[in-house]
Amino acid sequence: MGSHATVAYNESHRLQFRGPFDVALFRDAVLEVVGRHPIVLARISEDGQWQEIGVNTHIDVPFIDLSRLNEVERQRELSELVDREGEEPFNLQTGPLMRVKVVRIANQQHVVLLTGHHMVFDGWSAGLVITELARIYSARKQGVQPQLDQPASFHDYLVEVQEDRPT
C-alpha cells in the first residue's frame, strides 16, 4: 500500500505527566505491559499469511530531553516529534508494532508518546495499555505490587463473542 497509506493505521496517544517522573520506572512499566500483551511485538509475513510474536524483538523507550530549550523551541520540537511519530510507518515484517517515547519538557513535566499499529492497537486495546501502564507505574512508584487482572487471550475473547451472538 505504500508508506503514506500505512501510516493511516497508526494509533497515537500523547500522555502528559506533571510532578516527579521516574523514567526508569516508567520504562519498566512499559516492559511489564509488553510482557502481559506480547502481541505488540508481533511481526507479520509479507503476504499476511502468518504472524510471529516476540522473536528477537523488544521495545526501546527512548528519552528525549527538551528542557534546556526555551519555551518556543520546546513547543516547536514537541510538535515536530508528535507529527513525526504519527507519520512514521511501522515495519510489519520486523515489528514491534508499538512505540513509546518519553519527552522531558521541564523538570516536573513529561510527555509520553505512545503509538501502535491498528493491527494490534485499536481504541479498546490502547485504553487497556494506557490503563495498565498507569496502574503499574503508580503502584511501582508507591513501592507496591500492581493489582491487575490476568490478561485475557484473544482466543478467550473470540469464544466470548461467539457465545454472545444471537443464534
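Here, the structure is the one placed above.
Described in the following lines is the structure provided in the data block.

What counts, and where the lines are drawn
Residues numbered from 1 in each chain as written. Predicted model: local features only at pLDDT ≥ 70, side-chain atom pairs only at ≥ 80, totals over all residues. Heavy atoms only, no water. Core = buried A, V, L, I, M, F, W, Y, C linked by side-chain atoms within 4.5 Å. Buried < 20%, exposed > 50% of the residue type's maximum accessible area, 1.4 Å probe, protein only. Helix = DSSP H or I, 4+ residues; strand = E, 2+ residues; numbered from the N terminus. Contact = heavy atoms within 4.5 Å. Polar contact = N/O pair within 3.5 Å; in protein donor to acceptor, adjacent residues only side chain to side chain. Phe/Tyr/Trp six-rings, centres within 6.5 Å; stacked < 30°, edge-to-face > 60°.

Some words on the nonpolar core
The biggest cluster of nonpolar side chains holds 28 residues, and the ones touching the most others in it are Phe 26, Val 30, Ile 59, Met 98, Val 100 and Leu 133. Top element by residues in this core is helix H2 (residues 23–36). It accounts for 7 residues. Discounting residues that sit within four places of it in the chain, Leu 133 has contacts with Phe 26, Ala 29, Val 30, Val 33 and Leu 114.

Describing the side chain of Thr 115
Looking at where Thr 115 falls in the secondary structure, it is placed in strand E6 (residues 109–117). A polar contact of 3.2 Å, which involves the side chain of Thr 115, links it to the side chain of Ser 12. Once you skip the residues sitting within four places of it in the chain, Thr 115 turns out to touch Asn 10, Glu 11, Ser 12, Glu 85, Phe 90, Leu 97, Met 98, Arg 99 and Phe 121.

Quick look at the packing of aromatic side chains
Applying the stated rule across the entire model yields 6 aromatic pairs. Where Phe 26 meets Tyr 137, the ring centres are 5.8 Å apart and the plane angle is 70°; that geometry is what we call edge-to-face. On the criterion of sequence distance, the pair formed by Phe 26 in helix H2 and Tyr 137 in helix H4 (residues 123–141) is long-range, its members being 111 residues apart. For the pair Phe 26 and Tyr 137, a shared accessibility class is recorded, and that class is buried. Counting every residue linked through ring pairs, the aromatic cluster contains Phe 17, Phe 21, Phe 26 and Tyr 137.

Brief notes about the environment of Glu 73
Note that Glu 73 resides in helix H3 (residues 71–87). Overall, the relative accessible area of 30% leaves Glu 73 in the partly exposed class. Considered as a pair, Glu 73 and Arg 43 are 30 residues apart in the sequence and their alpha carbons are 37 Å apart.

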